[in-house]
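If you want the building blocks of each chain, they are given just below.
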Amino acid sequence: MTNYFSLKTLALVILAVCDVESFTTFGVTTKKGSTTLRSTTLGAPTKLIPPIDINVDTTPALFEEFVQKTYGRYPLTITHGKGCRLYDNNNKEYLDFVAGIATCLMGHSNPKLTQAIVDQMKQMHHVSNLYLIPQQAALAKWLCDNSCASKVFFCNSGAEANEGAIKLARKHASLRGITDPVIITAHNSFHGRTLATITATGQPKYHKGFTYGGKMVEGFVYTPYNDPEALKILVEEINTTPPELEAVKRKRGVAAILMEPLQGEGGILPGTKEFFQTARSLMDNCGGLLMCDEVQTGMGRTGALWGYQNLGIEPDVFTSAKALGGGVPIGALMARGEVANVFQPGDHASTYGGNPLACAAGLAVAKCLSEDDILTNVQKRGEQLESGLVKIASKYPEILGGVRGLGLIRGIAVREETPILASDIVSDAMKEGLLLVPAGPKVVRFVPPLIVSEAEIEEALQKFEKAVSNRVESLKLSP
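Please read all numbers here as calculations on a predicted model, not as lab measurements.

### Points about the packing of aromatic side chains
In step 1: Under the counting rule described, the total for this entry stands at 7 aromatic pairs.
In step 2: Between Tyr 225 and Phe 276, the ring centres sit 6.4 Å apart and the planes meet at 85°, which makes this aromatic pair edge-to-face. Separated by 51 residues along the polypeptide, Tyr 225 in the loop between β8 (220–223) and α9 (228–238) and Phe 276 in helix α11 (residues 273–286) bring together distant segments of the chain.
In step 3: A relative accessible area of 1% places Phe 276 in the buried class.
In step 4: With a centroid separation of 5.7 Å and 85° between ring planes, the pair formed by Phe 275 and Phe 276 is classed as edge-to-face.

### Let's talk about the nonpolar core
Generally speaking, nonpolar side chains in soluble globular proteins are found buried as a group.
In step 1: The biggest cluster of nonpolar side chains holds 86 residues, and the ones touching the most others in it are Leu 400, Val 444 and Phe 464.
In step 2: The element contributing the most residues to this core is helix α12 (residues 356–371), with 9 residues.
In step 3: Ignoring any residue separated from it by four or fewer positions in sequence, one finds Phe 464 in contact with Leu 389, Ile 392, Leu 400, Ile 412, Ile 425, Leu 434, Leu 436, Val 444 and Phe 446.
In step 4: If you look at the next biggest cluster of nonpolar residues, it comprises 22 residues, including Leu 258, Val 317, Leu 333 and Phe 343.

### A word on the sheet that holds strand β16 (residues 409–414)
Within a sheet, each strand pairs with its neighbour through backbone hydrogen bonds, oriented either parallel or antiparallel.
In step 1: As summarised here, the arrangement of the 4 strands in space is β15-β16-β19-β18, forming an open sheet in which the pairing is antiparallel. Across the chains shown, the open sheet's two edge strands, defined by having one partner strand only, are β15 (400–406) and β18 (437–438).
In step 2: Its contacts with the sheet put helix α13 (residues 374–395) on β15, β16 and β19 (443–446), and the angle it makes with β16 is roughly 10°.

### With respect to the layout of surface pockets
In step 1: Computed from the structure, the second largest pocket encloses a volume of approximately 680 Å³.
In step 2: In terms of lining, the second largest pocket is formed by 29 residues, of which the most central are Gln 136, Val 152, Phe 153, Phe 154 and His 348.
In step 3: Here the lining of the second largest pocket takes 4 residues from strand β6 (residues 151–155), the largest share from any one element.
In step 4: Split into classes, the residues belonging to the lining of the second largest pocket amount to 18 nonpolar, 10 polar and 1 charged.

### A few points about the packing of helix α6 (residues 134–145) against α12
In step 1: In contact at an axis separation of 8 Å, α6 and α12 are set at 35° when each is read in the N-to-C sense. Seen along the crossing, α6 lies across α12 with a hand that is left-handed. Each of Gln 135, Gln 136, Ala 138, Leu 139 and Trp 142 in α6 lies in contact with α12, whose residues at this interface are Pro 356, Cys 359, Ala 360, Gly 362, Leu 363, Ala 366, Leu 369 and Ser 370.

### Digging into helix α5 (residues 111–123)
In step 1: Helix length check: α5, at 13 residues, gives a terminal C-alpha distance of 19 Å against a target of 18 Å (1.5 Å per residue), a fit within 8%.
In step 2: Turning to α5, its buried residues are Leu 113, Ala 116 and Gln 120. The buried side chains of α5 occupy one side of the element, clustering within an arc of 65° when seen end-on. Of the residues in α5, the exposed ones pointing more than 90 degrees away from the buried face are Pro 111 and Lys 122.
In step 3: Here the buried face of α5 lies against α6 and α12.
In step 4: Of the residues that open α5, the one with a side-chain oxygen 3.0 Å from the backbone nitrogen of Lys 112 is Asn 110.

### Details of α11
In step 1: The end-to-end C-alpha distance of α11 is 20 Å, a good match for the 20 Å that 14 residues give at a rise of 1.5 Å each.
In step 2: Turning to α11, its buried residues are Phe 275, Phe 276, Thr 278, Ala 279, Arg 280, Leu 282 and Met 283.
In step 3: For α11, the secondary structure elements touched by its buried residues are α9, β9 (252–259) and β12 (289–293).
In step 4: Of the residues flanking the end of α11, it is Gly 287, one or two places downstream, whose phi is positive at about 90°.

### Here we look at the pairing of strand β4 (residues 85–88)
In step 1: Neither face of β4 is left uncovered, since the one carrying Arg 85 and Tyr 87 and the one carrying Leu 86 and Asp 88 both have all their residues buried.
In step 2: The loop that links strand β3 (residues 78–82) with its antiparallel partner β4 comprises 2 residues; one of these, Gly 83, has a positive phi angle of about 65°.
In step 3: Pairing between β4 and strand β5 (residues 93–96): 3 bridges, direction antiparallel. Looking at β5, one finds that Tyr 87 is bridged to Glu 93.
In step 4: Where β4 folds back onto β5 in an antiparallel hairpin, the turn is made up of 4 residues, including Asn 91, whose phi is positive at roughly 65°.

### Comments concerning the environment of Val 390
In step 1: Position of Val 390 relative to the elements: it lies in helix α13.
In step 2: Judged by its relative accessible area of 43%, Val 390 falls in the partly exposed class.
In step 3: Taking the C-alpha atoms as reference points, Val 390 and Leu 400, separated by 10 residues in sequence, lie 9.5 Å from one another.

### Details of unusual backbone geometry
In step 1: With a phi close to 60°, Ala 102 is a non-glycine residue in the positive phi region.
In step 2: You can see Ala 102 is positioned in helix α4 (residues 99–102).

### Quick word on the pattern of salt bridges
In step 1: Enumeration over the complete set of coordinates arrives at 17 salt bridges.
In step 2: When the shortest N-O distance is used, the salt bridge between Glu 459 and Arg 85 registers 2.7 Å. Remark: Arg 85 occurs in strand β4 and Glu 459 occurs in helix α15 (residues 454–477); sequence separation between them is 374 residues.
In step 3: Under the relative-accessibility criterion, Arg 85 is labelled buried at 16%.
In step 4: Here Arg 250 makes a salt bridge to Asp 180, at a shortest N to O gap of 2.5 Å.

What counts as what
Residues numbered from 1 in each chain as written. Predicted model: local features only at pLDDT ≥ 70, side-chain atom pairs only at ≥ 80, totals over all residues. Heavy atoms only, no water. Phe/Tyr/Trp six-rings, centres within 6.5 Å; stacked < 30°, edge-to-face > 60°. Helix = DSSP H or I, 4+ residues; strand = E, 2+ residues; numbered from the N terminus. Buried < 20%, exposed > 50% of the residue type's maximum accessible area, 1.4 Å probe, protein only. Core = buried A, V, L, I, M, F, W, Y, C linked by side-chain atoms within 4.5 Å. Contact = heavy atoms within 4.5 Å. Pairing = 2+ DSSP bridges. Axes fitted to C-alpha atoms, helices over the stretch in contact; angles between N-to-C directions. 1 Å grid on protein atoms, 1.4 Å probe; cavity = no way out; pocket = protein on both sides within 12 Å on 5 of 7 lines; lining within 4 Å. Points joined across faces, edges and corners; volume = space filled by probe spheres on them. Nonpolar A, V, L, I, M, F, W, Y, C, P; charged D, E, K, R; others polar. Left-handed = near helix turned anticlockwise from the far one by under 90°. Expected span 1.5 Å × (residues − 1). Arc of directions from axis to C-beta. Polar contact = N/O pair within 3.5 Å; in protein donor to acceptor, adjacent residues only side chain to side chain. Salt bridge = Lys/Arg side-chain N within 4 Å of Asp/Glu carboxyl O.

Purely geometric numbers; function is a separate question.
Spelled out as structure tokens, the structure:
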């Protein structure tokens, strides 16, 4: 006790006789040789370091020093955009067929979306969900009016929406007396980056390094996508409780089947009606939930507002994010019928979910979809894009394979036997002023803003063919 008070007294004396400001911050020489002020107090600093002015020339160095390397970024600094075009720090123009990965459906700097955000910021941008939020109520009504949903829960991202769906499925199963609920997802699926949603993702490469005792979150099993017979066998197996569990009064059962209507990260693979209708029938028979991950396919991307509408089924639960806010972060978990009442106060929550600013953006997107005939444009431009890609694939069969997808989410395969990767072609296209994104190692993905024009589709096809042609020529010149 004496030593404790002696140390405390000494610290107080030091604070009294020293310059407090110099005590709280000092220069640190980094391994790059730059000097940065850092807080080094034993307690809270008395003076904060202000943010620097934005300088695009120093952006790469700042990323290298201060941003965690969770992305393999291209050496491209984007500064501004308009419509379907983006511009880098050298003012080079790019035709954007990434759209923030299927997010900016209204394009960049859209006047209607911008005005909605500005107007809302002038009123109020955030308030707690302890109170009624008019913008949230209006957006929830639009979502329910234009889907099979009865009620909506708002959050901030696709992973959060899917995490909520997983929780909802488990609680619904518990109400049915199931102690060991199992959620079935597909091989090569992708459902998010949280611990539960990455477990739901049927790609082992994403699980590496995140296990406990070699296991991810329990209660997930995987089945081949678009294989109804395999799904039937798996559901029957899971719904049969093993004797060792019965002996301790536990019950195993399928809580839900969670599927993407079209696998995005898994290579732009559309689901089949037979597979999804089988899943619907199986869940109807056993009392489990059919849940659709519409994070990438929803909000018009496939030519229908929701991907499930192409499959002849209605899910019990479906999720949305990405394009829901046109680039402003927002996610939604939607449920129909009695499933919409499974969550009760205290079961689930989100601080930012459904705040006025995000919902104002969502309402602007909803108006655009409702009033500007966007779905018709998606269908026509999607057909144009597919036709053009098929022609290009036929010209370069040595490296390109099949074309697949729906609406304005299209993929073109790179042949397995070639050493070329999708990322190689994406880099080649970038040199031609076209931004694309891989969907797995061997599929190039095209996901432009949904407002894309006929002329812009044609321009993109020309740039893509030039990139492919250049790659083919480089292979011929290689020793």
